[in-house]
Amino acid sequence: MSACAETLMAVRRQRLLRRYDVSAPRYTSYPTAAQFTPAVGPETWADWLRVLPEDEPVGLYAHIPFCKRLCWYCGCNTRAVNRLDVMASYVDLLLKEAERVAEALGRPLRPVSLHLGGGTPNSLSPDLLSRLVSGLKQLFRPDENMAFAAELDPAVLTSGWVERAAELGLSRASLGVQDLSPEVQQAVNRIEPFEIVERAVGWLRRAGVPSVNLDLMYGLPRQGRSQVLSTLDQILTLRPDRIALFGYAHVPWMKPHQRLIDTAELPGTSERFDQSHAAAELLVQAGYEAIGLDHFALPDDSLAVAARNGRVRRSFQGYTTDPATLIGLGASSISRTPQGYAQNHTLEREWRSAVAAGRLPIARGIAMSADDRRRAEIIERLMCDFAVYLPAVERRHGPEPDRFASALSALQPLVDDGLVIVDGGAIAVTSLGQPFVRLVCAAFDTAPIAEEPRHAKAI
């Protein structure tokens, strides 16, 4: 591309960024969690579990809401805890909740994947980790090739924890790095030199953990293009199997600790886009394949293979190859079955109280209609493949010839701006439009636009 063409493209992008500088859901589910209501409770969840098809591939998710430190950017449900007794009682209750789930199922589950999220799962001691994982395996009798993944904080990881996790079958570790620049780390209260990350990766690989992922962020305070690229230059020397490059979501109305971040130090929309675009270019040049909006994987990684075959899924863990049906355990966990979504109590004390009383700790959720399932597939394919063929979706969910007339009308401004191509029933997001894909998905979302801010900016 000539210098003149590059300048014209840059001007066009700036105009689009100003026009579409709006909020939109991340679409890790549809309907989104913002639409969940108390209409789905313990009884509904028990009914859904009871009728779960025996041949349905199922994943398990266990939420560990503890961290050794509180990072100011964090959007997760967690708190700073260092007391062993608090964590031990939580693990005991997690297993008790799992028992209630097993009773409702009335048969072996045989999950094909287990994901420990947080928070910081490696805040658990090696013995507590063993108690949790062994207990879940005893209850659910998983597939012998079950994938076992965990999200880890490198700064509090130990070689002993890694060795125990490897003995328990850990097959994928995701290390939270975010940014390696001292000025950015100070601004978000997460001090973590490169040597800490390098050490953690070394422990995992020497223990035989097959896959190591690194999670990065753009859009953080005091962060610019140079900080993002400097971080990438360092972590690429470790050659992780996958890299996630998430945009920081500043939502202090939902996460009060984010008020500790000086908003004057946050990059603007144009700067955020520049960081994301430059990082993606560097990763592709380094041999990684782009997956959806914010993931990158080496060509032989299972996520890259699934992407080439159109089998990547979108879930609360981001882009994944895990099954669509998910059973969540622990405070704030979200489950999905063919019938809909069910979420546990978000407040840990309410979750503890419900489980201790012998109840399934469901607080809210949503039962999906046929139209919800239809729209969910459209949105998932757009998020994963940047394309969808509406007639094929309707063949799977029933014909509705006029169902998407309003959605197609809402897409017209995006079509006019060259972000989307609509050809009959085929919808394709252009390379120019890919950073705006959440806005493309929003055209198929029936939820009303909230007057108060509910989501982070789309870019």
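About the criteria used
All residue numbers here refer to positions counted from 1 along the written sequence of the relevant chain. Residues qualify for local features only when their pLDDT is at least 70, as the model is predicted, and side-chain atom pairs are given and counted only at 80 or more; totals for whole chains, interfaces and linings, by contrast, use all residues. To get the side-chain values, all heavy atoms of the structure are used, and hydrogens and water are removed first. Burial classes: relative accessible area under 20% of the type maximum marks a residue as buried, over 50% as exposed, and values in between as partly exposed (1.4 Å probe, protein chains only). For the purposes of this entry, the term helix denotes a DSSP run of H or I that reaches at least four residues, the term strand denotes a run of E that reaches at least two, and both are numbered from the N terminus. Strand pairing follows a simple DSSP-based rule, namely that at least 2 bridges must link the two strands. For a crossover, the right-handed case is the one in which the path from the first strand over the helix to the second runs clockwise, viewed with the strands pointing away from the viewer. A pair of aromatic rings is counted whenever rings of Phe, Tyr or Trp (Trp by its six-membered ring) have centres within 6.5 Å, and the orientation is called stacked for planes under 30 degrees apart, edge-to-face for over 60 and tilted otherwise. We count a charge as sitting over a ring when the NZ of a lysine or the CZ of an arginine lies within 6 Å of the ring centre and within 35 degrees of the ring normal. Salt bridges are counted wherever a side-chain nitrogen of Lys or Arg sits within 4 Å of a carboxyl oxygen of Asp or Glu.

A short note on the pairing of strand β4 (residues 113–118)
In step 1: Most of β4 sits out of view: six of its six residues are buried.
In step 2: The alternating pattern of β4 places S113, H115 and G117 and L114, L116 and G118 on opposite faces, both of which are buried.
In step 3: Pairing between strand β1 (residues 58–64) and β4: six bridges, direction parallel. Bridge pairing in β4 links A62 to L116.
In step 4: Considered for its hand, the β-α-β crossover made up of β4, helix α4 (residues 126–140) and strand β5 (residues 147–152) is right-handed.

Considerations on the packing of aromatic side chains
In step 1: Counting across every chain of the model gives six aromatic pairs.
In step 2: Ring centres of F36 and Y341 lie 5.8 Å apart, and the angle between their planes is 25 degrees; this geometry places the pair in the stacked category. Residue F36 is located in the loop between α1 (3–19) and α2 (42–50), and its partner Y341 is located in strand β15 (residues 340–344); the two are separated by 305 residues in the primary sequence. Pair check on accessibility: F36 and Y341 agree, each one buried.
In step 3: Residues F316 and Y341 carry aromatic rings whose centres are separated by 6.1 Å and whose planes lie at 85 degrees to one another, so their mutual orientation is edge-to-face. Note that F316 is positioned in the loop between β11 (313–315) and β12 (318–320) and Y341 in strand β15, a separation of 25 residues in sequence.
In step 4: The exposure class of Y341 is buried, given its relative accessible area of 2%.
In step 5: Cluster of aromatic residues (ring-pair linked, three or more members): F36, F316 and Y341.
In step 6: Just above the ring of Y319 sits the side chain of R314; from NZ or CZ to the centre is 4.5 Å.

Details of the pattern of salt bridges
Side-chain pairs of opposite charge can arise whenever the charged atoms involved come near each other.
In step 1: Here the structure, examined in full by the defined rule, presents 25 salt bridges.
In step 2: Its salt-bridge partner being R374, residue D371 comes within 3.4 Å of it at the nearest N-O pair. You can see D371 and its partner R374 sitting in helix α12 (residues 370–385), three residues apart, about one turn around the helix. In terms of burial, D371 and R374 fall into one category: buried.
In step 3: Here the salt bridges do not stand alone but share partners, grouping R69, D153, R190 and E192 into one network.

Some words on the environment of N145
In step 1: Mapping N145 onto the fold places it in the loop between α4 and β5.
In step 2: Classification of N145 as exposed rests on a relative accessible area of 62%.
In step 3: Here the alpha-carbon distance between N145 and V112, two residues 33 residues apart in the chain, equals 7.1 Å.

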